[in-house]
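Each chain, written out:
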Amino acid sequence: MFFFGKKKSQNNKSSCEQPGVSGSCPTAPRVVKDAVKNIQDSVADLSRQLGRRLIIAGACWGTETHMVGLDSIFNVKGYLGDPGLEAYSEFETHNLRALEKLDDVVRACAALKPDVVIVSRIPQKPELLNDDLKQFEAAIERAIPRTQKFYKMCVSPRITNDEAIKLHYDAGFGAGTMPSEVVKEAVCLA
């Protein structure tokens, strides 16, 4: 989600050199279009299986909010030709943007009865990130009835998927994540 610089992989190739990832190389638009087509097929299959659109809500809270990453995930344009959630008609997306109070985010998300909730958080003090994410996780679990199945994802340049899972989230995305990665994970979870 937070697209600062080129993402490096284990083998030290830039994101441009990775299969299915856009960048500045000449073949990137074709590769992205092929990857998007595969994702669109998966999203359409999921929607047919559910018999409805997948409801996805996203927000951040507090005074030091960070909307760039969340907007890129949700926005039709996405990032570097990689479309965001709003590009898929099979998703009912609700980008709640930045709300000042955690309770407002929880209330708004619960009212939507989402299948997937995505929260973004970048506190000024990095040591507060886990506490903030724990507070949201506990509050949303209380607000949404246990009979309603939903998935929680968090995005922050200071989080890894493993850390998110330890905090009782279903997925976590850190720096360099592309919108299609979030789309794929939403489809896999649902």
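Please read these numbers as outputs of a predicted model, since none were measured by experiment.

Right, let's get into the overall build of the chain. From N to C terminus, the chain includes six helices and five strands. Going from the N terminus to the C terminus, the chain shows its helices and strands as α-β-α-β-α-β-α-β-α-β-α. Taken across its 190 residues, the chain has 46% of its residues classed as buried. Once local pairs closer than 6 in sequence are excluded, the contacts in the chain between residues at least 24 apart make up 65%. Counting only carbon and sulfur atoms, one obtains 49% of the accessible surface of the chain, whose full area is about 9,800 Å².

Moving on, we get to the sheet that holds strand S3 (residues 116–120). The parallel open sheet is built from five strands, whose spatial order is S2-S1-S3-S4-S5. Strands with a single pairing partner mark the edges of an open sheet, and in this sheet they are strand S2 (91–99) and strand S5 (171–173). Between one strand axis and the next, the sheet turns by 15 degrees as a mean value, whatever way the strands run. Of the pairings in the sheet, the one linking strand S1 (residues 54–61) to S3 comprises five bridges and is parallel in character. From the neighbouring strand, Ala59 faces S3, where its bridge partner is Val119. Lying over the sheet, helix H3 (residues 102–112) contacts S1, S2 and S3, oriented at roughly 175 degrees with respect to S1.

In this section: the nonpolar core. Counting residues in each nonpolar core, the largest one holds 23 residues, and the members touching the most others are Ile56, Leu85, Phe91, Val116, Ile118 and Met153. For this core, the secondary-structure elements that each account for two or more residues are helix H1 (28–50), S1, helix H2 (68–74), S3, strand S4 (151–155), S5 and helix H6 (179–189). The element that contributes the greatest number of residues to this core is H6, accounting for five residues. With sequence-adjacent residues up to four places away left out, Leu85 is seen in contact with Ile56, Ile73, Phe74, Asn75, Phe91, Thr93, Ile118 and Val183. Of all hydrophobic cores here, the second largest spans 22 residues; its members include Val106, Cys109, Phe136 and Ala164.

Here we come to the pattern of salt bridges. On inspection of all chains with the given rule, the structure shows seven salt bridges. For Arg48, the salt bridge goes to Asp45, with nearest N and O atoms at 2.3 Å. With Arg48 and Asp45 both in helix H1 and three residues apart, the pair spans about one turn of that helix. The class for Arg48 is exposed, based on a relative accessible area of 59%. Among the ionic pairs, Arg121 bridges to Asp132, the shortest N-O distance being 3.0 Å.

Reading guide: rules and limits
Just so you know, the residues in each chain are numbered from 1, in the order the chain's sequence is written. pLDDT decides what is reported in this predicted model: residues at 70 or higher carry local features, side-chain atom pairs at 80 or more are listed and counted, and totals for whole chains, interfaces and linings draw on all residues regardless. Side-chain descriptors were evaluated using all non-hydrogen atoms of the structure, hydrogens and water having been removed beforehand. Comment: elements are numbered from the N terminus, with helices defined as DSSP H or I runs of at least four residues and strands as E runs of at least two. Exposure categories follow from relative accessible area, calculated using a 1.4 Å probe and restricted to protein chains: below 20% of the type maximum is buried, above 50% is exposed, and the middle band is partly exposed. Any pair of residues with heavy atoms lying within 4.5 Å of one another is described as a contacting pair. Reported accessibility uses the Shrake-Rupley method at a 1.4 Å probe radius. Residues are deemed covered only where the shown protein chains occlude them. Pairing between two strands is assigned when DSSP locates at least 2 bridges connecting them. Note on definitions: angles span 0 to 180 degrees between N-to-C directions of axes, and those axes are lines fitted to C-alpha atoms, for helices only across the stretch in contact. We define a nonpolar core as any set of buried Ala, Val, Leu, Ile, Met, Phe, Trp, Tyr and Cys residues linked to one another through side-chain atoms lying within 4.5 Å. One speaks of a salt bridge when a side-chain nitrogen belonging to Lys or Arg is within 4 Å of a carboxyl oxygen belonging to Asp or Glu.

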